[in-house]
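As a plain string of letters, each chain reads:
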Amino acid sequence: MNRRIAGALRMLAGLGLAVTVGIQIGDRAANGAFDPWEYFSYFTIETTLLTIAVLIAGAALALRTARDPVAFTGIRMAVLTYSLITAGVFNLLLRGQPAHGYAGPDWPNEVMHVWAPLLLVLDWLLAPGRPALPWRSLWIVPAFPVAWAGYTFLRAAASGGTIYPYPFLDPATAGWSSVFGYIGALLVVLVGLGALAVLFSRRMRTRGGGVAHARAARS
């Protein structure tokens, strides 16, 4: 796969994902079930928006440059971990759970929780022009989830402790020890996934990058 093909595929995937989000919002709005504060507070939705931004920015870079910048690749790696964790949480913990309120069509959820993560994995493994990441780039991974968790608990407090986007974050489900256990476990998994992505980037020399560039990333 060359850079232009990778760029075109990223653009198609990013625009397709954006259309999926737009259709879901339109469907919910048409049925009187669209609450922007609620909708955009879900980690899945925020991850999907980050994925759209990364795919479209990555497409522009692939079409214009020979190699992705290290800073962008670090963000891309972090978004990959978020997408994988949303896929894991949805498919292992939330799939089949009864919907609260309007459910809407199933296929947008399948796109966000199955196909988008799969596309990001394939893009990470196959797309050319990825530099080797330094291990210090792993600090990026927990930054957004920790900020999101803080926002989530502040939002819940503002609602009187009644609004939680996911049942495993609600202390009424199994207590605060369970909540912090889930958060700790998810952060460990996120960083572990990021470490695997960094390791892959360092083991697989960027096509056309040469040995000197790979050595420069070993810091």
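Residues numbered from 1 in each chain as written. Predicted model: local features only at pLDDT ≥ 70, side-chain atom pairs only at ≥ 80, totals over all residues. Heavy atoms only, no water.

Let us look at helix α5 (residues 107–126). Note on helix geometry: an α-helix contains 3.6 residues per turn, so any two residues three or four positions apart are oriented the same way. The sharpest bend along α5 measures roughly 35 degrees and falls at Trp 115, with the proline Pro 117 sitting one to four residues further on. Every buried residue belonging to α5 is among Pro 108, Val 111, Met 112, His 113, Ala 116, Pro 117, Leu 120, Asp 123 and Trp 124, and all of these are buried. Of the surrounding elements, those touching the buried residues of α5 are α1 (3–30), α2 (36–39), α3 (43–64), α4 (70–94) and α8 (176–203). (Bend = angle between axes of the 7 residues up to and from the residue. Helix = DSSP H or I, 4+ residues; strand = E, 2+ residues; numbered from the N terminus. Buried < 20%, exposed > 50% of the residue type's maximum accessible area, 1.4 Å probe, protein only. Contact = heavy atoms within 4.5 Å.)

Below, the discussion takes up the packing of α4 against α8. Viewed as axis vectors pointing N to C, α4 and α8 meet at an angle of 130 degrees, and their least axial separation amounts to 9 Å. When the interaxial angle is binned, α4 and α8 end up oblique. You can see that α4 and α8 cross each other, and the crossing is right-handed. Residues Met 77, Leu 80, Thr 81, Tyr 82, Leu 84, Ile 85, Val 89 and Leu 93 of α4 pack against Tyr 182, Leu 186, Val 189, Leu 190, Leu 193, Gly 194, Ala 197 and Val 198 of α8. For the contact of α4 with α8, the per-class residue count stands at 14 nonpolar, 2 polar and no charged. (Axes fitted to C-alpha atoms, helices over the stretch in contact; angles between N-to-C directions. Parallel < 35°, antiparallel > 145°, perpendicular 65-115°, else oblique. Left-handed = near helix turned anticlockwise from the far one by under 90°. Nonpolar A, V, L, I, M, F, W, Y, C, P; charged D, E, K, R; others polar.)

Over its 28 residues, α1 runs 40 Å from end to end, which matches the ideal 40 Å to within 8%, given 1.5 Å per residue. The secondary structure elements touched by the buried residues of α1 are α2, α3, α4 and α5. Its side-chain oxygen placed 3.1 Å from the backbone nitrogen of Arg 4, Asn 2 serves as the N-cap of α1. The positive-phi residue at the C-terminal boundary of α1 is Gly 32, with phi of around 65 degrees. (Expected span 1.5 Å × (residues − 1). Polar contact = N/O pair within 3.5 Å; in protein donor to acceptor, adjacent residues only side chain to side chain.)

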